[in-house]
Amino acid sequence: MQDVTRFTTEFVADEDRIRVALEGKGGRVRLVWLTRRMLMLLLPRLIDAFGSSDAAPERIAARPQAQQGFSQQAAVSAIQRQQPVRAATPDIPREPDLLAWGVDVQKDPKQVLLVFKSKDGTQSQPLPFSPAALRQWLAVLHGQFAKAEWEAPFWPAWITAKAPQDVVAKLN
């Protein structure tokens, strides 16, 4: 599969997992399955990217909650509505599904790059996030945690603050 052009994140109740449907330039789709346990380990690391200057994209220094909340709200408001990546249609070429067993997180001043790995070492395509895109994905994941009724003590107030309903409707 080529570079990821877009993706959709959603909780699948029958699997009790979050499915990330990655779509490549050629239209091929790969499903990456994320367990609650995996996310409970990954998400605090991603959230921390906005709280310490040595590990943060854009060298974001620790900020007061209000400023973090403003940045989060601005990122979520900028989400553009689009059709979700379709995971289960026979006419879309598919790569084998990947149950994420681990993840490489690479951070630099301009982005965070995630590469999910299966138990046998198979890797997903790199998933790059600008700081704003990472904030957007965190908002989507927070919503999916709520849908799944998964408790997680690590969500900061700047993510859990209520977003306007028109913004919530765009998340996919």
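Throughout what follows, the structure given in this document is the object of discussion. As the structure is a computational prediction, the values presented were derived from the model and not from experiment.

What counts as what
Residues numbered from 1 in each chain as written. Predicted model: local features only at pLDDT ≥ 70, side-chain atom pairs only at ≥ 80, totals over all residues. Heavy atoms only, no water. Pairing = 2+ DSSP bridges. Helix = DSSP H or I, 4+ residues; strand = E, 2+ residues; numbered from the N terminus. Axes fitted to C-alpha atoms, helices over the stretch in contact; angles between N-to-C directions. Contact = heavy atoms within 4.5 Å. Left-handed = near helix turned anticlockwise from the far one by under 90°. Nonpolar A, V, L, I, M, F, W, Y, C, P; charged D, E, K, R; others polar. Expected span 1.5 Å × (residues − 1). Buried < 20%, exposed > 50% of the residue type's maximum accessible area, 1.4 Å probe, protein only. Salt bridge = Lys/Arg side-chain N within 4 Å of Asp/Glu carboxyl O. Phe/Tyr/Trp six-rings, centres within 6.5 Å; stacked < 30°, edge-to-face > 60°.

Let's talk about the sheet that holds strand β5 (residues 102-108)
Inference 1: Ordered by their spatial adjacency, three strands build an open sheet running β5-β6-β7, and the pairing between neighbours is antiparallel. Pairing within the sheet leaves two strands with one partner each, and these edge strands are β5 and β7 (127-129). The mean angle between the axes of side-by-side strands here comes to 20°, regardless of whether they run parallel or antiparallel.
Inference 2: Pairing analysis gives seven bridges linking β5 to strand β6 (residues 111-117), with the strands arranged antiparallel. Across the sheet, the residue bridging to glutamine 106 is leucine 113, located in β6.
Inference 3: Across the sheet, helix α3 (residues 131-148) touches β6 and β7, and the angle it forms with β7 is around 105°.

A short note on the sheet that holds strand β2 (residues 17-24)
Pairing between sheet strands relies on hydrogen bonds along the backbone, with the strands arranged either parallel or antiparallel.
Inference 1: The sheet built from four strands is open, its strands ordered β1-β2-β3-β4 with mixed pairing. Looking at strand neighbours, the two that pair on one side only are β1 (4-12) and β4 (98-99), the edges of this open sheet.
Inference 2: By the bridge criterion, eight bridges tie β1 to β2 in an arrangement that is antiparallel. Of the residues in β2, the one forming a bridge with threonine 8 is alanine 21.
Inference 3: Sheet strands in contact with α3 are β1, β2 and β3 (29-34), and its direction is about 20° off that of β1.

A few points about the packing of helix α1 (residues 36-48) against α3
Inference 1: The interhelical angle for the contact between α1 and α3, taken along N-to-C directions, is 145°, at an axis separation of 11 Å. In the crossing of α1 with α3, the sense of the turn from one axis to the other is left-handed. Counted together, Leu39, Met40, Leu43, Leu46 and Ile47 of α1 and Leu134, Trp137, Leu138, Leu141 and Phe145 of α3 form the full contact between these two elements.
Inference 2: Broken down by class, the residue content of the contact of α1 with α3 amounts to ten nonpolar, no polar and no charged.

Quick notes on the side chain of serine 124
Inference 1: When you line up the elements, serine 124 lands in the loop between β6 and β7.
Inference 2: The contact partners of serine 124, leaving out residues within four places of it in the chain, are Leu22, Arg30, Val32, Leu98, Val115 and Phe116.

Regarding α3
Inference 1: Along its 18 residues, α3 runs 26 Å from first to last C-alpha, staying within 8% of the 26 Å computed at 1.5 Å per residue.
Inference 2: Those residues of α3 that sit buried are Pro131, Leu134, Arg135, Gln136, Trp137, Leu138, Ala139, Val140, Leu141, Gln144, Phe145 and Ala148.
Inference 3: Phi for glutamate 149, located one or two positions after α3, is positive at around 60°.

A closer look at the pattern of salt bridges
Inference 1: The final tally for this structure, using the stated rule, is seven salt bridges.
Inference 2: Measuring nitrogen to oxygen at the nearest pair gives 3.7 Å for the salt bridge that ties glutamate 15 to arginine 17.
Inference 3: Residue aspartate 97 pairs with arginine 94 through a salt bridge whose shortest N-O separation is 2.5 Å.
Inference 4: Residue aspartate 97 is classed as partly exposed on the basis of its relative accessible area, which comes to 39%.
Inference 5: For arginine 94, a relative accessible area of 34% puts it in the partly exposed group.

Overview of the packing of aromatic side chains
Inference 1: A complete count under the given rule lists nine aromatic pairs for this structure.
Inference 2: With 6.1 Å between their ring centres and 85° between their planes, phenylalanine 7 and tryptophan 137 make a pair best called edge-to-face. Residue phenylalanine 7 is found in strand β1, and its partner tryptophan 137 is found in helix α3; the two are separated by 130 residues along the sequence.
Inference 3: Exposure remark for phenylalanine 7: the relative accessible area of 21% places this residue in the partly exposed category.
Inference 4: Note on tryptophan 137: relative accessible area 3%, which makes it buried.
Inference 5: Taking 5.9 Å as the distance between ring centres and 80° as the angle between the ring planes, the aromatic pair formed by phenylalanine 50 and tryptophan 158 counts as edge-to-face.

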